[in-house]
Amino acid sequence: MYRSRWSCAFFLLIGHLACAEVTSIAAELSARYSPFADWASFLDPAAIAKNQPTGWWQSPEIIKGARSEGKLRLSGLHIALEPGHIGGAWAEWEGRNFRMAEDDYWVREGELVLEVALRAAAILERLGAEVSLLRTSSHPVNPKKPADYWDAAAKEFAAPSQVSLSAQFSHALAVRDQAIRMAIITGELAERARLVNESIRPDALISLHINAAPWSEVQPRQLVDSDHAHVLIFGCLLASELAVTRQRERLIEKMTNGSGPIEVYLGDAMGEALADATGLPPSDYSGDNAVRLEGTSAYLWARNLMLLRLVDCPAVMLEPYIANSRTSYPRIQEALRARAHHEPLPEEDILIEYADAVVQGLLRAYGGEPR
Ligand SMILES: [Zn+2]
């Protein structure tokens, strides 16, 4: 009799815990992962709650707790830095290659963030962290070449109805352009995510970018007035994305593998560090493709971007500065000029500022007391 009453209470308790878990998953879907879509049409929180957490990474709490006295401030942390894009010969194809005048230096996001990553990595290693860089040059990481995507690209374009040389030539050019984009953008991101998940397996990934604003219609092109910064973590799936099986699978994996709360904590820390270093205001999204998270830094947004979705471990993307703004463009030009002339870099150098912010953000999230 007593025993059956005990087991009844036990199952009630388990049932209550499971119920709390389902409620919390539903709340997370509404606040972060799919706030603007009718997610209940695609997902069952009770089914999601049955997934078991599976992650190789360690939380900031565990890393800090395991660090013994006298150790360097970031010892025990394995961080991966991903300089976004590729730069070099691919910058034009990436749509990340511009300058305002013929005498100016080319602004190539892939090259600027590589410089930031290399500089940040050197400081982080001196602080005791193990750092893995996703790339160290302006060449693709993806071993597949554009020709490997030709068949897939060709499927996206109907064969020309005319046999004229010009029609055939235009079709071939469209397929070629698409094959290049598949190799250096989507294929490249998929390969970087695969490396993180299968080979590097860090405690977290920081993806480095520099933002840019759409150009106005005015000709000749003018630099824009607004300059701001923000940080992105995974979330905010639209209904059209929830309808895709692979996207739903990734959402469930990311919601249940334990990376989510660390992303909020780390994203918050990186956002505050960028705000302190740059003095820029937070960016603002007006559409349904991004959401700000209640109770966190105004700089932190959730968005469904491919790399953030595909990487299993905690992943945070940084988007400081508007490269084509009146304030940041001259600073980027000065940074490129000083490097081209091998001059000592001034303290206000924009790329040093960015690298220092990355270090400060990681110290906030994972760092021990200064020694
Ligand atoms: Zn970018």
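Above: the structure in question.
Remember, it's a predicted structure, so these values are computed and weren't measured experimentally. (Residues numbered from 1 in each chain as written. Predicted model: local features only at pLDDT ≥ 70, side-chain atom pairs only at ≥ 80, totals over all residues. Heavy atoms only, no water.)

Student: How would you summarise the overall build of the chain if you had to cite specific residues and measurements?
Tutor: For the chain, the helix and strand inventory stands at 13 helices and 7 strands. At 23 Å, the chain has a C-alpha radius of gyration in line with the 21 Å of a compact globule built from 371 residues. In the chain, 36 side chains carry a positive charge and 48 a negative one; their mean positions are 5 Å apart. (Helix = DSSP H or I, 4+ residues; strand = E, 2+ residues; numbered from the N terminus. Rg over C-alpha atoms; globule rule 2.2 N^0.38 Å. Lys, Arg positive; Asp, Glu negative; His and termini not counted. Charge placed at Lys NZ, Arg CZ, Asp CG, Glu CD.)

Student: Can you break down the coordination of the zinc ion residue by residue, with the values?
Tutor: His 85 (NE2), Glu 109 (OE) and His 209 (ND1) make up the full set of protein donors to the zinc ion, lying at 2.0 to 2.2 Å. Of note, the zinc ion draws all its donor residues from one chain, in the sequence arrangement H-x23-E-x99-H. Residue His 85 is located in the loop between strand 1 (78–83) and helix 4 (91–94), and its partner His 209 is located in the loop between strand 3 (204–208) and strand 4 (229–234); the two are separated by 124 residues in the primary sequence. (Donors = N, O, S within 2.8 Å, 3.2 Å for Na, K, Ca; no water.)

Student: Any details on the nonpolar core? Residues and values, ideally.
Tutor: Grouped burial of nonpolar side chains is what soluble globular proteins tend to show. Core analysis: the biggest nonpolar cluster contains 90 residues, and Ile 206, Leu 318, Tyr 354 and Tyr 366 have the highest contact counts within it. Looking at which element gives the most residues to this core, the answer is helix 13 (residues 350–366), with 11 residues. Setting aside its immediate chain neighbours within four residues, Leu 318 contacts Ile 206, Ser 207, Leu 208, His 209, His 230, Val 231, Met 270, Leu 274, Tyr 354 and Val 358. (Core = buried A, V, L, I, M, F, W, Y, C linked by side-chain atoms within 4.5 Å. Buried < 20%, exposed > 50% of the residue type's maximum accessible area, 1.4 Å probe, protein only. Contact = heavy atoms within 4.5 Å.)

Student: I'd like to hear about the side chain of Glu 82, residue by residue, with values.
Tutor: Position of Glu 82 among the secondary structure elements: in strand 1. Here Glu 82 is in contact with Leu 134, Arg 192, Leu 205, Ile 206, Ser 207, Leu 208, His 209 and Leu 307, once residues within four sequence places are set aside.

Student: Give a detailed account of the environment of Leu 300, specifying residues and quantitative values.
Tutor: Mapping Leu 300 onto the fold places it in strand 6 (residues 300–303). For Leu 300, a relative accessible area of 0% puts it in the buried group. Once the C-alpha coordinates of Leu 300 and Lys 64 are considered, the two residues, 236 residues apart in sequence, prove to be 23 Å apart. The residues touching Leu 300, leaving out its near neighbours within four places in the chain, are Val 231, Ile 233, Val 264, Gly 267, Asp 268, Val 291, Arg 292 and Leu 293.

Student: Please provide a residue-by-residue account of the packing of aromatic side chains, values included.
Tutor: All chains considered together, the criterion is met by 6 aromatic pairs. On the basis of an interplanar angle of 50 degrees and a centroid distance of 6.0 Å, the ring pair of Tyr 33 and Phe 234 is categorised as tilted. With Tyr 33 in helix 1 (residues 2–33) and Phe 234 in strand 4, the pair connects residues that are 201 residues apart, well separated along the chain. Judged by relative accessible area, which is 0%, Phe 234 ranks as buried. These aromatic residues form a ring-pair network of at least three members: Phe 98, Trp 215 and Tyr 329. One residue, Arg 221, lies across the ring of Trp 215, its end atom 4.1 Å from the ring centre. (Phe/Tyr/Trp six-rings, centres within 6.5 Å; stacked < 30°, edge-to-face > 60°. Lys NZ or Arg CZ within 6 Å of the ring centre and 35° of its normal.)

Student: Tell me what's going on with the sheet that holds strand 5 (residues 290–292), and back it up with residues and numbers.
Tutor: Note on sheets: strands pair through backbone hydrogen bonds, and any given pair is parallel or antiparallel. Spatial strand order, 2-1-3-7-4-6-5: 7 strands in an open sheet with mixed pairing. Looking at which strands have only one partner, the edges of the open sheet turn out to be strand 2 (130–133) and strand 5. Going from strand to strand, the sheet's axes swing by 30 degrees on average, the running direction of each strand aside. Relative to strand 2, strand 1 is paired through 4 bridges, and the arrangement is parallel. Each residue of the ladder has a partner; that of Ile 79, found in strand 2, is Val 131. (Pairing = 2+ DSSP bridges. Axes fitted to C-alpha atoms, helices over the stretch in contact; angles between N-to-C directions.)

Student: Please give an account of helix 9 (residues 245–256) that cites residues and values.
Tutor: Because an α-helix completes one turn every 3.6 residues, residues spaced three or four positions apart along the sequence face the same direction. With 12 residues, helix 9 should reach 16 Å at 1.5 Å per residue; the first-to-last C-alpha distance of 17 Å fits that figure. For helix 9, the complete set of buried residues consists of Gln 247, Arg 250, Leu 251, Lys 254, Met 255 and Thr 256. Trailing helix 9 by a residue or two, Gly 258 shows a phi angle of about 90 degrees, which is positive. (Expected span 1.5 Å × (residues − 1).)

Student: Hey, could you go over the environment of Val 311 for me, with residue numbers and the actual values?
Tutor: If you trace the backbone, Val 311 turns up in the loop between helix 11 (306–310) and strand 7 (315–320). Val 311 gets classed as buried once you look at its relative accessible area, which sits at 0%. Ignoring sequence-local partners within four residues, the contact set of Val 311 consists of Ala 193, Val 196, Asn 197, Leu 205, Arg 250 and Lys 254.

Student: Describe the layout of surface pockets, naming the residues involved and giving the relevant values.
Tutor: Approximately 980 Å³ is the volume found for the largest pocket. Around the largest pocket sit 40 residues that line it, and His 85, Arg 96, Glu 109, Asn 211 and Glu 319 are the ones nearest its centre. Within the residue set of the lining of the largest pocket, elements represented by two or more residues are helix 5 (109–126), helix 7 (165–200), strand 4, helix 11 and strand 7. For the lining of the largest pocket, the element with the highest residue contribution is helix 7, accounting for 5 residues. Residue classes in the lining of the largest pocket are distributed as 20 nonpolar, 11 polar and 9 charged. Put simply, the second largest pocket is a space of about 240 Å³. Around the second largest pocket, the lining is made up of 17 residues, and of these Glu 21, Ser 24, Ile 25, Met 255 and Thr 256 lie nearest the centre. Secondary-structure elements contributing two or more residues to the lining of the second largest pocket are helix 1, helix 2 (45–49), helix 9 and helix 10 (259–278). For the lining of the second largest pocket, the leading source of residues is helix 1, giving 6 residues. Within the lining of the second largest pocket, the residues separate by chemical class into 8 nonpolar, 5 polar and 4 charged. (1 Å grid on protein atoms, 1.4 Å probe; cavity = no way out; pocket = protein on both sides within 12 Å on 5 of 7 lines; lining within 4 Å. Points joined across faces, edges and corners; volume = space filled by probe spheres on them. Nonpolar A, V, L, I, M, F, W, Y, C, P; charged D, E, K, R; others polar.)

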